[in-house]
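Chain residues, written in single-letter form:
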Amino acid sequence: MKVINDKNCSWINDLIPRKNIKIIKKNKECEWLIVGAGYTGLSAARKLSELHPNQKIIIVDAQLAGEGASGRNSGYLVDTTLNDGFTSNKELSNYKKKTDIYQLGINAVKKFIKEHQVDCDWNESGKYFASSNQKDKKILENFSNTLTKLNFDYNVLGKDELEKKLGTSFYNIGLYTKGGILLHPGKLVRAMIDILSDNIELLENSQLNEWVKNKDTIICNFNNHKITTKKIIFCTNGFLKSLGIKNNYNFPLTLTASMTRQLTDTEFKSIGEPKEWGVLPVRPMGATIRMTKDKRILIRNTAEVHNPFQMSKSDLNKRSLNQKLGIKKRFPALPNDIIESTWSGIVSRTRNSSQIFEKIDDNVFAAGCYNGSGIGVGTLFGEQIAIRASMENSQEINIIEKRKKPTFLPPQPFLYLGVKARLMFERFKAKNEI
Ligand SMILES: Cc1cc2nc3c(=O)[nH]c(=O)nc-3n(C[C@H](O)[C@H](O)[C@H](O)COP(=O)(O)OP(=O)(O)OC[C@H]3O[C@@H](n4cnc5c(N)ncnc54)[C@H](O)[C@@H]3O)c2cc1C
């Protein structure tokens, strides 16, 4: 199976195509090999080069760097998430640990963009959790109690206020949290590629097929060549499992999103000229929907068990149709055919929504599995796994280590059937919100 490039995603198509792509053309040796060049791998590479300016660092990606989930997500850099389960005090303390990690993630991205003067359409606009279903009020009430206890700033909103802010009368109840940032995911990851320093070699369209640990070295086999490295860090997120990393603790999910063309001035006026906003669903399988800074609408309303290596054009078209309906029911006055692109991307999930950050074996490390919230946490975990692999410590690592660890998953076929059934059930519960 091969991870493939595609030209489907508007965020990536917004960027100037990169030149001088290097692929693996001969056997190589290095001190450090990083596998996966998304937020996690690129952040690991950046930190390693700071810590070891004289050592040889190679980062490989099966496709073009930054064009996996990191370049094609919805662009919510979150401080809080809903649907994590937090009704008891114990859960509250676990939820706090999770939000502590989110905050460190936001800090890591903020520091990166400040240091490198990155323009990624950063907007500290906060975000909405909203639903059309009055029955979801109870969920929002529980959530607001949690937010109060943890001192987050938020407002509960009714239909009229939501309509004024969002330009749609679809939603009946909502909760706005002040924290959280909207950004252009493609611009952010592109900046991480552009600033890689000279002691880092980036090899793209170079898929690691298998790896073997042999005493003090790790031998990594690509199609026709191999890389022998002293230390390796796996940052392949949704593809950790396919490389045999923490096999029984994570599994991939495929998400699909669509983006419209820019609305015309008349169309934008017809929906009240709202400022940039982002809505997350109250139920996990509802739609994530966003109005971008440049007046485009993004919608993501699927999460499925699917072959993570590829989604066919006809499969994408089916999902695109569904997303067209999602936009239509929120913005009935807009024309029918305004979707410009539809793409899929892979995320990684654990059973208990916790992340992977660990030493797998001597000189073998892995970070990933952000359960769909990896912009900040991926950047943070990438930097911190580099510190950990260098046998150093940090305050951030102490906080990361306090989180609940991922729990064991049932074996196949029970895992596959269980996840499928759960997704169907959640989709049914959120059927009006898609
Ligand atoms: C549609 C969508 C919407 C999302 N929305 C949000 C959001 O709003 N906010 C948020 O925080 N997160 C969101 N996410 C999740 C977020 O994008 C990810 O958590 C994050 O990008 C993970 O970064 P990463 O670097 O760990 O993984 P990735 O960006 O997936 O990078 C992993 C890389 O590993 C490479 N790779 C895989 N296998 C191999 C191999 N064998 N050899 C070499 N390279 C390999 C891949 O090609 C890929 O480039 C979304 C994801 C999707 C798909």
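Shown above is the structure to which this text applies.
**Student:** Mind showing me how you'd approach the overall build of the chain here?
**Tutor:** The helix and strand inventory of the chain stands at 11 helices and 18 strands. Compactness check: the chain gives a C-alpha radius of gyration of 21 Å against a globular reference of 22 Å for 434 residues, within 12% of the reference. Reported as C-alpha extents along the three principal axes, the dimensions of the chain are approximately 65 × 50 × 45 Å. Buried positions account for 57% of the 434 residues belonging to the chain.

**Student:** Sorry if this is basic, but what is going on with the sheet that holds strand E15 (residues 297-304) here?
**Tutor:** Spatial ordering of the open sheet is given by E5-E6-E4-E13-E14-E15-E12-E16, a layout of eight strands whose pairing is mixed. Two strands close off the open sheet at either side, each with one partner strand: strand E5 (154-158) and strand E16 (339-349). Neighbour to neighbour, the strand axes of the sheet diverge by 20 degrees on average, direction disregarded. Here helix H5 (residues 159-166) sits on the sheet in contact with strand E4 (127-131), E5, strand E6 (173-177) and strand E13 (277-281), set at roughly 105 degrees to E5.

**Student:** Would you explain the pairing of E6 in this entry?
**Tutor:** Residues in a regular strand point their side chains to alternate faces of the sheet. In terms of burial, E6 is a largely internal element, five of the five residues being buried. The sheet contact formed by E4 and E6 spans five bridges and is antiparallel. By the bridge assignment for E6, Lys 127 is matched with Thr 177. In the sheet, E5 pairs with E6 via five bridges, with the strands oriented antiparallel. Across the sheet, the residue bridging to Gly 158 is Ile 173, located in E6.

**Student:** How should I be thinking about the site of the ligand in this particular structure?
**Tutor:** Around the ligand there are 36 residues in total, and Thr 40, Asp 61, Ser 70, Tyr 76 and Gly 374 lie nearest to it. Residue Ala 62 places a main-chain N or O atom 3.0 Å away from a nitrogen atom belonging to the ligand. The contact in question runs from an oxygen atom of the ligand to an N or O atom on the backbone of Ile 375, over 3.0 Å. Contact with the protein chains covers 97% of the free accessible surface of the ligand, which is 1,000 Å². Listed by contribution, the elements that provide at least two residues to the shell around the ligand are helix H2 (39-51), E16 and helix H9 (374-389). Among the elements that take part in the shell around the ligand, E16 stands out by supplying three residues, more than any other. Residues of the shell around the ligand, tallied by class, amount to 16 nonpolar, 17 polar and three charged.

**Student:** Teacher, can you tell me more about the layout of surface pockets here?
**Tutor:** Gaps left between atoms show up when a probe the size of a water molecule is rolled over them. Roughly 250 Å³ of volume is contained in the second largest pocket. What lines the second largest pocket is a set of 13 residues, among which Ser 125, Tyr 128, Lys 165, Lys 275 and Glu 276 lie closest to the centre. Going through the elements one at a time, E5 and H5 are the ones with two or more residues in the lining of the second largest pocket. Grouping the constituent residues of the lining of the second largest pocket by class yields five nonpolar, four polar and four charged.

**Student:** Sorry if this is basic, but what is going on with the packing of helix H3 (residues 89-115) against helix H6 (residues 185-194) here?
**Tutor:** Any two packed helices are characterised by how steeply their axes cross, that is the angle between the axes, and by the distance between the axes. Contact geometry for H3 and H6: axes closest at 11 Å, N-to-C directions at 60 degrees. One element, H3, and the other, H6, form an angle in the oblique class. Relative to H6, the crossing made by H3 is left-handed. Along the contact surface, H3 presents Val 109, Phe 112 and Ile 113, while H6 presents Leu 188, Ala 191 and Met 192. Within the contact of H3 with H6, the residues separate by chemical class into six nonpolar, no polar and no charged.

**Student:** What am I meant to see in the environment of Asn 13 here?
**Tutor:** Looking at the element boundaries, Asn 13 is found in helix H1 (residues 10-13). Note: C-alpha distance between Asn 13 and Asn 307 (294 residues apart in sequence) is 24 Å. Excluding its chain neighbours within four sequence positions, the residues that come into contact with Asn 13 are Lys 7 and Asn 8.

**Student:** What's the story with the packing of aromatic side chains in this structure? I'm lost.
**Tutor:** Each aromatic ring pair is summarised here by two numbers: the centre-to-centre distance and the angle between the ring planes. On inspection of all chains with the given rule, the structure shows nine aromatic pairs. A centroid spacing of 4.9 Å and a plane angle of 50 degrees characterise the contact between Tyr 128 and Tyr 176, whose relative ring orientation is tilted. Residue Tyr 128 is found in strand E4, and its partner Tyr 176 is found in strand E6; the two are separated by 48 residues along the sequence. Residue Tyr 176 is classed as buried on the basis of its relative accessible area, which comes to 17%. Taken together through their ring pairs, the aromatic side chains of Phe 357, Tyr 370 and Phe 381 make up a single cluster. Sitting over the face of the ring of Tyr 249, Lys 246 holds its NZ or CZ atom 4.1 Å from the ring centroid. The ring of Phe 170 carries the charged tip of Arg 330 above its face, separated from the ring centre by 4.4 Å.

The rules behind these values
All residue numbers refer to position in the chain's written sequence, counted from 1. Residue-level local features of this predicted model are given only where pLDDT is at least 70; pairs of side-chain atoms are given and counted only at 80 or more, and the full residue set underlies all totals for whole chains, interfaces and linings. The side-chain values count all of the structure's non-hydrogen atoms but skip hydrogen atoms and water molecules. Only DSSP runs of H or I with at least four residues qualify as helices, and only runs of E with at least two residues qualify as strands; both kinds are numbered from the N terminus onward. Two things to know: the radius of gyration comes from C-alpha atoms, and the globule rule equals 2.2 Å times the number of residues to the power 0.38. Only protein chains enter the calculation, and the probe is 1.4 Å; a residue is then buried if its accessible area is under 20% of its type maximum, exposed if over 50%, and partly exposed in between. Any two strands are treated as partners once DSSP identifies two or more bridges connecting them. Every angle, taken between N-to-C directions, lies between 0 and 180 degrees, and every axis is a line fitted to C-alpha atoms, over only the stretch in contact when it is a helix. Contact between two residues is taken to exist if any of their heavy atoms lie within 4.5 Å; hydrogens are not considered. In these notes, residues near a molecule or strand are those with any non-hydrogen atom within 4 Å of it. The term polar contact refers here to a pair of N or O atoms within 3.5 Å; inside protein, the definition further demands a hydrogen-donor-capable atom paired with an acceptor-capable atom, and it admits residues adjacent in sequence only when both atoms are side-chain atoms. With residues, only the protein chains shown are counted as cover, and all accessible areas are computed by Shrake-Rupley using a 1.4 Å probe. Any residue that is not Ala, Val, Leu, Ile, Met, Phe, Trp, Tyr, Cys, Pro, Asp, Glu, Lys or Arg is counted as polar, Gly included; the first ten are nonpolar and the last four charged. With a 1 Å grid laid over protein atoms only, a set of points is called a cavity when a 1.4 Å probe fits there but cannot get out and a pocket when it is open yet has protein on both sides within 12 Å along at least five of seven lines; lining residues have an atom within 4 Å of a point. Grid points are joined across faces, edges and corners, and a volume is the space filled by probe spheres set on the points. For this classification, under 35 degrees means roughly parallel, over 145 means roughly antiparallel, 65 to 115 means roughly perpendicular, and everything else is oblique. Whether a crossing is left-handed or right-handed is set by the direction in which the near helix is turned from the far one by less than a right angle, anticlockwise for left-handed and clockwise for right-handed. Stacked, tilted and edge-to-face are the three classes applied to pairs of Phe, Tyr and Trp rings, where Trp contributes its six-membered ring and a pair requires centres within 6.5 Å; stacked means planes under 30 degrees apart, edge-to-face means over 60, and tilted covers the rest. Two conditions define a charge sitting above a ring: the NZ of Lys or the CZ of Arg must be within 6 Å of the ring centre, and it must be within 35 degrees of the ring normal.

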